[in-house]
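# Structural description and commentary
Take a look at the letters that make up each chain.
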Amino acid sequence: VQLELDFEGALDGELLERAAQTLIDRHASLRSGFVHENLDRPVQVVVPQALAAWRMLDLAALAEPERAAELARVAAEDRSARFDLARPPLMRFALFRLGVARHRLLITNHHILMDGWSAPILVRDLLALYADNADPAALPPVPSCRLYPEWLATQDRAAAAEAWRSALAGLEEPTLLGPRDRARAPAMPEQITLTLDAALSAALNQAARQQGVTVNTVLQAVWAVLLGRMTGHDDVVFGVTAAVRPPEIAGIESMIGLYINTLPLRVTLPAAEPLSSLLRRIQDGKSRLIAHQHVGLAAIQERAGLGELFDT
């Protein structure tokens with residue numbers, strides 16, 4: 001995962017580097033490694049110290065086309081360079097000098113380290129530390145990263161297993177658009193953006209409000225109908241991402257970590273059902289599973305007994 005920050009005006013590169021190191025010192029989750037060899041199950045290990053991986057590149061002397069090409073090359077190279085999960089920090093910083101008062105900071109991290117919710121927290125803390133001379137006392141203490149696994153250990157596993165068994169009961173086959181080709185070479189993800197115009201966006205919001213559901217539910221319903229038509233099935237399943245930040249954990253909203261889960265969303269598509277009924281049924285089904293969103297996808301798929309449940 002990569003994050004780019006552009007700075008206009010005077011910038012002290014050495015101070016920003018110290019702020020990055022203080023950031024890693026501050027958040028135990030950023031000093032985490034993950035080990036699994038010769039163990040029954042993988043474990044997360046937090047080390048007392050981890051040196052920030054930092055480099056600075058001066059591209060100010062290059063003409064704009066060459067500078068843009070070099071930025072793209074370094075970013076692509078950094079994105080494809082693998083992390084050793086057992087050697088924290090699983091994060092790298094690269095500061096580019098683009099001109100007299102122009103800089104770009106590239107932050108590259110392994111996704112196992114943090115979710116999208118965490119990115120604004122990381123940026124906020126980094127800039128606050130830079131503004132206060134990298135002084136760790138400038139920010140309030142961070143809640144312990146032990147709190148989440150301790151909360152997880154208290155959850156009712158039997159109830160969660162039954163909830164997911166009920167949600168997937170009777171599902172006869174997975175919903176796969178791509179071929180089951182395990183020999184496919186891995187590839188970097190590609191992002192495709194479709195922008196809806198203001199009128200259609202407003203209409204979607206209005207339709208969701210009229211039905212008492214979220215826009216997210218509307219789009220998931222549309223995707224379910226599309227999957228049904230593409231596969232010829234009236235019982236489909238696809239993946240959704242859920243933020244799992246339980247309010248029972250004090251300060252969870254300010255913690256950096258991977259507090260998300262990918263979960264199956266199953267949708268049956270009776271031919272005669274009105275769209276309004278489908279929307280409410282999807283939202284009600286998701287609501288019933290909110291308390292069980294912490295269950296790992298592998299465990300859910302194993303219980304369903306169909307292998308990989310979805311590829312979209």
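All values reported here derive from a predicted model rather than from experimental measurement.

Rules of the game
- Residues numbered from 1 in each chain as written.
- Predicted model: local features only at pLDDT ≥ 70, side-chain atom pairs only at ≥ 80, totals over all residues.
- Heavy atoms only, no water.
- Axes fitted to C-alpha atoms, helices over the stretch in contact; angles between N-to-C directions.
- Helix = DSSP H or I, 4+ residues; strand = E, 2+ residues; numbered from the N terminus.
- Parallel < 35°, antiparallel > 145°, perpendicular 65-115°, else oblique.
- Left-handed = near helix turned anticlockwise from the far one by under 90°.
- Contact = heavy atoms within 4.5 Å.
- Nonpolar A, V, L, I, M, F, W, Y, C, P; charged D, E, K, R; others polar.
- Salt bridge = Lys/Arg side-chain N within 4 Å of Asp/Glu carboxyl O.
- Core = buried A, V, L, I, M, F, W, Y, C linked by side-chain atoms within 4.5 Å.
- Buried < 20%, exposed > 50% of the residue type's maximum accessible area, 1.4 Å probe, protein only.
- Pairing = 2+ DSSP bridges.
- Patch = residues over 30% accessible without salt bridge, like charges linked within 9 Å, V, L, I, M, F, W, Y side chains within 5 Å.
- Areas by Shrake-Rupley, 256 points an atom, 1.4 Å probe, with all protein chains shown as cover.
- Phe/Tyr/Trp six-rings, centres within 6.5 Å; stacked < 30°, edge-to-face > 60°.
- Lys NZ or Arg CZ within 6 Å of the ring centre and 35° of its normal.

## Thoughts on the packing of helix H5 (residues 157-168) against helix H9 (residues 297-304)
Contact geometry for H5 and H9: axes closest at 10 Å, N-to-C directions at 55°. Taken together, the axes of H5 and H9 lie oblique to each other. For H5 against H9, the interelement crossing comes out right-handed. Two secondary-structure elements touch here, H5 through Ala161, Trp164, Arg165 and Leu168 and H9 through Ile300, Arg303 and Ala304. Looking at the contact of H5 with H9 residue by residue, the class counts come to five nonpolar, no polar and two charged.

## Here's the deal with the pattern of salt bridges
For the coordinates displayed, the defined rule picks out 14 salt bridges. Its salt-bridge partner being arginine 73, residue glutamate 77 comes within 3.2 Å of it at the nearest N-O pair. With a gap of four residues between them, glutamate 77 and arginine 73 both fall in helix H2 (residues 64-80), about one helical turn apart. Of the charged contacts, one joins arginine 165 and glutamate 162 as a salt bridge, the two residues approaching to 2.8 Å between their closest N and O atoms. Of this pair, arginine 165 and glutamate 162 are both found in helix H5, three residues apart, which corresponds to roughly one turn of the helix. One connected set of salt bridges, linked through shared partners, spans Glu4, Asp6 and Arg104.

## Describing the nonpolar core
In this structure, Leu30, Met91, Phe93, Leu105, Ile107, Leu122 and Leu126 are the most contacted members of the largest nonpolar core, which totals 32 residues. Secondary-structure elements contributing two or more residues to this core are strand S1 (2-8), helix H1 (13-26), strand S5 (91-99), strand S6 (102-109) and helix H3 (118-131). If we ignore the near neighbours within four places in the chain, the residues touching leucine 105 are Leu3, Glu4, Leu5, Phe7, Leu16, Trp54, Phe93, Ala94, Leu95 and Leu126. One finds Ala208, Ala242, Leu263 and Val295 within the second-largest nonpolar core, a separate group that totals 29 residues.

## Here's the deal with the sheet that holds S5
Strand order in this open sheet of four strands is S1-S6-S5-S4, and the pairing throughout is mixed. Bordering the open sheet on either side are S1 and strand S4 (53-58), each of which pairs with just one other strand. This sheet shows a mean twist of 15° between the axes of neighbouring strands, independent of strand direction. In the sheet, S1 pairs with S6 via seven bridges, with the strands oriented antiparallel. Residue pairing for S6: glutamate 8 is matched across the bridge by arginine 102. Docked against the sheet, H2 engages S1, S4, S5 and S6, running at close to 20° with respect to S6.

## A look at a nonpolar patch on the surface
Judged by side-chain polarity, Leu177, Trp223, Leu226 and Met230 come together as a nonpolar surface patch covering roughly 360 Å² of accessible area. In this structure, methionine 230 sits in helix H7 (residues 215-231). Here methionine 230 falls in the exposed class, since its relative accessible area comes to 51%.

## So, the packing of aromatic side chains
In total, this model carries three aromatic pairs according to the counting rule given. The side chain of arginine 92 reaches across the aromatic face of phenylalanine 83, ending 4.1 Å from its centre.

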